[in-house]
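# Chains, contacts and geometry: an overview
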Amino acid sequence: MKVVFEHYHHGNERSWWPVMREARAAGQLGTHAMFARALFGDVPGEEAGWPLILGATVCRILDDSGEELAKGYAFCSVNDQFCKRTGRGIAEERAWQALEQFWEAVADSATAP
């Protein structure tokens, strides 16, 4: 297996906006109230949340053929101290958790009557 990282920074907001939507759909947006409030409801317009996010990291776990098996996401808000190592660690941990959940679901479906 191979682990690959992608980084999105504050100067390139539009490129990470879809990443925020993906992370929300995957249940990996986190519990940071600022994200949910600014990006998905309480503040009008998508642009309202942009100044609140400094960056995003996406971790992809690939199989030997390059097929994506799982993704993990991490976000850096204006309240966080930017650290690439921390973002990578959070995103990678979430990707491995997502892969584990996938395999558990496969195992459960195989044993279901």
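Report on the accompanying structure. Note on numbering: residues in each chain are counted from 1, in written sequence order. With the structure being a predicted model, the display of local features is reserved for residues of pLDDT at least 70 and the display and counting of side-chain atom pairs for 80 or more, all residues being used for whole-chain, interface and lining totals. Excluding hydrogens and water, the side-chain values take into account all heavy atoms of the structure.

### Points about the nonpolar core
Take the buried residues of types Ala, Val, Leu, Ile, Met, Phe, Trp, Tyr and Cys, join any two whose side-chain atoms come within 4.5 Å, and each joined set is a nonpolar core. When a residue's accessible area, from a 1.4 Å probe over protein chains only, is under 20% of the maximum for its type it is buried; when over 50% it is exposed; and in between it is partly exposed. Of all hydrophobic cores here, the largest spans 10 residues; its members are Tyr8, Val19, Met20, Ala23, Leu29, Ile53, Ala56, Val58, Tyr73 and Phe75. Strands here are runs of E lasting at least two residues and helices are runs of H or I lasting at least four, both read from the DSSP assignment and numbered beginning at the N terminus. Residue assignment for this core shows that the elements contributing at least two residues are helix 1 (13-25), strand 2 (53-62) and strand 3 (68-77). It only takes one pair of heavy atoms within 4.5 Å for two residues to be counted as in contact. Leave out the neighbours within four places in its chain, and Tyr73 touches Val19, Glu22, Ala23, Ala26, Gln28, Thr57, Val58, Ile90, Ala91 and Arg94. Counting seven residues, the second largest nonpolar core, distinct from the first, contains Ile61, Ala74, Ala95 and Leu99.

### Here we look at the sheet that holds strand 1 (residues 2-9)
Two orientations exist for strands paired in a sheet by backbone hydrogen bonds: parallel and antiparallel. One requirement defines pairing of two strands: DSSP has to find at least two bridges between them. Read across the open sheet, the three strands follow the order 1-2-3; overall the sheet is antiparallel. Bordering the open sheet on either side are strand 1 and strand 3, each of which pairs with just one other strand. Strand-to-strand twist of the sheet, defined as the mean angle between neighbouring strand axes without regard to direction, takes the value 15 degrees. Strand direction decides the pairing type here: strand 1 and strand 2, joined by eight bridges, are antiparallel. The residue of strand 2 that forms the bridge with Tyr8 is Ala56. Axis geometry follows a simple rule: fit a line to the C-alpha atoms, using only the stretch in contact for helices, then measure angles between N-to-C directions, giving values from 0 to 180 degrees. Running at roughly 145 degrees to strand 3, helix 3 (residues 84-111) makes contact with strand 1, strand 2 and strand 3 of the sheet.

### Section: helix 3
End to end, helix 3 covers 41 Å across 28 residues, agreeing with the expected 40 Å (1.5 Å per residue, within 8%). Among the residues of helix 3, those classed as buried are Gly87, Ala91, Ala95 and Leu99. Considering only its buried residues, helix 3 is in contact with strand 2 and strand 3. Working rule for helices: expected span equals 1.5 Å times residues minus one.

### What to know about the pattern of salt bridges
Should a side-chain nitrogen of Lys or Arg be within 4 Å of a carboxyl oxygen of Asp or Glu, the pair is scored as a salt bridge. Across all of its chains, the model carries three salt bridges by this definition. Put simply, Glu6 and Arg60 hold a salt bridge, and the shortest N to O gap is 2.7 Å. Here Glu6, found in strand 1, pairs with Arg60, found in strand 2; they are 54 residues apart in sequence, far enough to count as distant. Take Arg60: its relative accessible area is 17%, and that puts it in the buried class. A salt bridge links Arg60 to Glu68; the shortest N-O distance between them is 2.6 Å. Bridged by salt links that share partners, the residues Glu6, Arg60 and Glu68 form one connected network.

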